[in-house]
Each structure stands twice: as C-alpha cells, then as structure tokens.
Amino acid sequence: MKKIATRVALVFTAILMSFAIASPAMAADNEMKTDDGDPGGRVQVSWYGDIVTICDIEADGWGVYLSVTDVSQNLFKYSFWVGGNGNCATNRASEGGSHNLAEGNYFEFKICLRKANEGGTTLSYCDYATWKNYQ
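Conventions and cut-offs
- Residues numbered from 1 in each chain as written.
- Predicted model: local features only at pLDDT ≥ 70, side-chain atom pairs only at ≥ 80, totals over all residues.
- Heavy atoms only, no water.
- Helix = DSSP H or I, 4+ residues; strand = E, 2+ residues; numbered from the N terminus.
- Contact = heavy atoms within 4.5 Å.
- Phe/Tyr/Trp six-rings, centres within 6.5 Å; stacked < 30°, edge-to-face > 60°.
- Buried < 20%, exposed > 50% of the residue type's maximum accessible area, 1.4 Å probe, protein only.
- Lys NZ or Arg CZ within 6 Å of the ring centre and 35° of its normal.
- Disulfide = S-S within 2.5 Å.

Would you mind showing me how to read the side chain of threonine 69 here?
Secondary-structure assignment places threonine 69 in strand E4 (residues 62-70). Ignoring sequence-local partners within four residues, the contact set of threonine 69 consists of Leu75, Phe76, Lys77, Tyr106, Phe107 and Glu108.

Shown next, in the form of structure tokens:
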C-alpha cells in the first residue's frame, strides 16, 4: 500500500508541475486597465492566436468596452463589451474576419468603462495603447 501511495503522490506532483510550467506560456503579451483611480476593467492580448480578452474586475455598476483599430492600415477592426464583476469576454483569430489581426501591424486598443445598465455609448475612464503584433 505504501508503494502505491508513493506512486500516486509522484503522479499527482508531476501533473501539478506540468500546470506550473505551462502557465507562463499562457500569460498575456500585453495588458492594460481602465484609467479610473481603482481600475474597473482590464484587457489582455496574446498575439499567438490574436486572443483579446476584456474583464470587468470591479463591482462598481460599470461595464468594460474595448475597441481595436489597425493603425498600420488606418482600419477599425472591432469592438465589444462585457458587464458584471468577474465577467470576461474574448475574441480570437479563429473566429475569422475582423478578429484576425495582421502580423507585423500596429494596433490601438482603447479600453473604457460605460454604465452597465445603460444602452448608451457614453464612455468614461478610457486608456489607450498601441502594440505591435509580433506573431
């Protein structure tokens, strides 16, 4: 029984170590938060697969809006939003069309807050960044 318990513990440890080793590879290449004093929104971009994720990170009654523009081609790509503390939304190149961000181009990301319970387009606490797609 002791040998079996030791083997199970070793297998379990190996599985846990594989997650620990894999997690840095899943880290975002770029990240930015909204420009309010206690940021309520975050965007993370992983260029491999053009994965763009926004998250509402504060229970403040605001949702998170993001727009993506290809500044190399002066071309608006897409926008999306998510509301509710802890909720996230993701777009990726595998969805095709405007979600495929051209390699070598520069992209402007504009992240803002908007009142989650309002259908309007009033944006507040915006922050901007321009990043290059190196993948």
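Would you explain the packing of aromatic side chains in this entry?
Counted under the stated rule, the structure contains five aromatic pairs. Ring plane angle 35° and centroid distance 5.1 Å describe the contact between phenylalanine 109 and tryptophan 131, whose orientation is recorded as tilted. Here tryptophan 131 lies in strand E8 (residues 124-132) and phenylalanine 109 lies in strand E7 (residues 106-115), a separation of 22 residues in the sequence. Taking the relative accessible area as the measure of exposure, phenylalanine 109 reaches 0% and is therefore buried. For tryptophan 131, a relative accessible area of 14% translates into the label buried. Aromatic ring contacts, followed pair by pair, group Trp47, Phe107, Phe109 and Trp131 into a single cluster. Over the ring of tryptophan 81 we find arginine 114; its NZ or CZ atom is 3.9 Å from the centre of that ring.

Please clarify how the state of the cysteines should be interpreted in this entry.
One pass over the structure, following the stated rule, counts two disulfides. A disulfide bridge connects cysteine 55 with cysteine 88, and the sulfur atoms are separated by 2.0 Å. An S-S torsion of about 110° defines the bridge between cysteine 55 and cysteine 88 as right-handed. Of the two residues, cysteine 55 is situated in strand E3 (residues 51-56) and cysteine 88 in strand E6 (residues 88-91); the sequence distance between them amounts to 33 residues. Exposure remark for cysteine 88: the relative accessible area of 44% places this residue in the partly exposed category. The disulfide that involves cysteine 112 links it to cysteine 126, with 2.0 Å between the sulfurs. What sets the handedness of the cysteine 112 and cysteine 126 disulfide is the S-S torsion sign, and at about 115° it is right-handed. One end of the pair, cysteine 112, is in strand E7; the other, cysteine 126, is in strand E8, with 14 residues separating them in the sequence. When the cysteines of the protein that form disulfides are numbered from the N-terminus onward, they connect as 1-2, 3-4.

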